[in-house]
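The primary structure of each chain is shown beneath.
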Amino acid sequence: MSTLDDYLATFDNESGYLNWAAFGPLSPSVREEVFADADLLGSGRPSSLALVGERIGEAKRLIAEILGADAEEVTLQASATHGLMHALYGLTGVVVASTAEFPSVSLTLERAAQVSHGALSARWIAPADGRVTTDAVAEALDDDVTAVAVSHVDFRTGYRVDIAALRELIGPDRLLIVDAVQSFGIVEADYAAADVVVGHGYKWLRAGRGTGFASFSASARERIAPVLSGITGTAAAGLPSDALPGPAASAQAFTVSGPDTLAAARLAIGARDVRDVGVAAIEARLAEQVDAVLEIADRHRIAVTSPREHEWRAGIVSLAPEEPARLAAALANAGLVVTARGAAVRIAPHAGTDAATLQLLDETLAAFGNETFISA
């Protein structure tokens, strides 16, 4: 088998799972290796603890490789939100963000502004359909703006922001902060265009909770104060005692305490699996899956609010049926796992989604359409 075939074969979850944008069931490799690491930690031997501790450096190197960054720029975080807190709480000036952002961005920015005593403020934009375009951001720019915070992929519709175009628009004197939770590992992108990139391995990397990370470029480290810097973020060679050392000059300053080594192991394994097959191959396969979902929705006359062009989408298809609650119930009764929120039903396949799942989706939408027609 090819490397891609090997990767696809690791999707051993039950048919019917179309909720990867919410949670990625742990992969076999993550489960197997983390059990082995847990046994090592159970021994209590210093050599065993040190061996598992090496997962921290491994995870940082693999994340950096996928980001196209230096490993010294990457920090491990408990979540993507923790990484955003390090970035936003240490900023001053005006930060542009959309009102339609996931709360990890919007709520963190609002809280940071509230405690800044006027040093930081949010400038909210409300772009059409929640899609953050360069035109929408350009209207909000002035000399007071010091940063733009944005999700690379919109969690509602799957719209993919052009971060390279945003970088060109805002110029080198403003920071670009990118939440890559819905794109990392499934979308090839020039992440070097961003000054801060945060992500999490519990969705598309199939690595479970606690596997967050954040990268901080040299520009970010110069302009963001490490106000949340903890015991692991100091310039001290070892553990500080009576002295109170300042924050490290490296990205390590944006850490609070030592990471969970088992979480680091899960992140390392999930990232390694993606690195080995290649993001481009995963993206191409996922594009085929999204095409299939779009074709099924169109054939059954279910409205779609997600972009259709490959360059503007990722792994999310948002359906807008006339009766969303009824459709959500029909999908759940058929054994399909999706996210229903308000007027939308979000379908999120992965590269390894099997044909049986797509067939079940097709059959369920066909039955739903017939029931709707009969009741009408």
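Preceding block: the structure.
Residues numbered from 1 in each chain as written. Predicted model: local features only at pLDDT ≥ 70, side-chain atom pairs only at ≥ 80, totals over all residues. Heavy atoms only, no water.

Draft legend 1. Region of interest: the pattern of salt bridges. Scanning the model with the defined rule gives 17 salt bridges in all. As a salt-bridge pair, Asp12 and Arg31 come within 2.7 Å of each other at their nearest N and O atoms. Of this pair, Asp12 sits in the loop between helix H1 (3-8) and helix H2 (28-43) while Arg31 is found in helix H2, placing the two residues 19 residues apart along the sequence. Overall, Arg31 belongs to the partly exposed group, its relative accessible area being 30%. With a closest N to O distance of 2.8 Å, Arg308 and Asp298 form a salt bridge. You can see Arg308 sitting in the loop between helix H10 (279-299) and strand S8 (317-319) and its partner Asp298 sitting in helix H10, a full 10 residues away along the chain. Since its relative accessible area comes to 39%, Arg308 is described here as partly exposed. You can call Asp298 partly exposed: its relative accessible area is 37%. Among the charged side chains, a salt-bridge network with shared partners connects Glu33, Asp37, Arg55, Glu58, Arg272 and Asp273. (Salt bridge = Lys/Arg side-chain N within 4 Å of Asp/Glu carboxyl O. Helix = DSSP H or I, 4+ residues; strand = E, 2+ residues; numbered from the N terminus. Buried < 20%, exposed > 50% of the residue type's maximum accessible area, 1.4 Å probe, protein only.)

Draft legend 2. Representation of the packing of aromatic side chains in the model. Applying the stated rule across the entire model yields nine aromatic pairs. With a centroid separation of 4.9 Å and 80° between ring planes, the pair formed by Phe102 and Phe155 is classed as edge-to-face. With Phe102 in the loop between strand S2 (93-98) and helix H5 (103-114) and Phe155 in the loop between strand S4 (145-151) and helix H7 (163-170), this pair connects stretches of sequence that are 53 residues apart. Take Phe102: its relative accessible area is 34%, and that puts it in the partly exposed class. In this structure, Arg206 packs its charged tip against the face of Phe11, placed 3.9 Å from the ring centre. Here Arg209 stacks its cationic end above the ring of Tyr202, 3.7 Å away from the centre of that ring. (Phe/Tyr/Trp six-rings, centres within 6.5 Å; stacked < 30°, edge-to-face > 60°. Lys NZ or Arg CZ within 6 Å of the ring centre and 35° of its normal.)

Draft legend 3. Representation of the sheet that holds strand S3 (residues 120-125) within the structure. Ordered by their spatial adjacency, seven strands build an open sheet running S1-S7-S6-S5-S4-S2-S3, and the pairing between neighbours is mixed. Where the open sheet ends on each side, the last strands, each with one partner, are strand S1 (74-77) and S3. The sheet shows a mean angle of 20° between the axes of neighbouring strands, taken without regard to direction. Sheet topology places S1 next to strand S7 (residues 212-216); four bridges connect them, and they run antiparallel. Pairing of Gln77 across the sheet is with Gly212, part of S7. Helix H3 (residues 46-67) rests against S1, strand S6 (196-200) and S7 of the sheet, and its axis sits at about 120° to S1. Strands in contact with helix H4 (residues 80-88) are S1, S2, S3, strand S5 (175-179), S6 and S7; relative to S6, the strand with the most contacts, it is inclined by about 160°. (Pairing = 2+ DSSP bridges. Axes fitted to C-alpha atoms, helices over the stretch in contact; angles between N-to-C directions. Contact = heavy atoms within 4.5 Å.)

Draft legend 4. Geometry of H7. Within the span of H7, buried status applies to Ile163, Leu166, Arg167 and Ile170. Within H7, the buried residues cover an arc of 105° as seen down the axis, which keeps them to one side. Where H7 is buried, its residues touch helix H6 (134-138), S4 and S5. Here H7 starts with a cap whose side-chain oxygen sits 3.3 Å from the backbone nitrogen of Ala164, and that cap is Asp162. Positive backbone phi, at 80°, marks Gly171, one or two positions downstream of H7. (Arc of directions from axis to C-beta. Polar contact = N/O pair within 3.5 Å; in protein donor to acceptor, adjacent residues only side chain to side chain.)

Draft legend 5. Representation of the sheet that holds strand S10 (residues 344-347). The sheet built from three strands is open, its strands ordered S8-S10-S9 with antiparallel pairing. Across the chains shown, the open sheet's two edge strands, defined by having one partner strand only, are S8 and strand S9 (339-341). Strand-to-strand twist across the sheet, computed as the mean angle between neighbouring axes with direction ignored, equals 25°. With three bridges connecting them, S9 and S10 associate as antiparallel partners. Of the residues in S10, the one forming a bridge with Thr339 is Arg346. Contacts from helix H11 (residues 324-333) reach S8, S9 and S10 within the one sheet, and its direction differs from that of S10 by about 35°.

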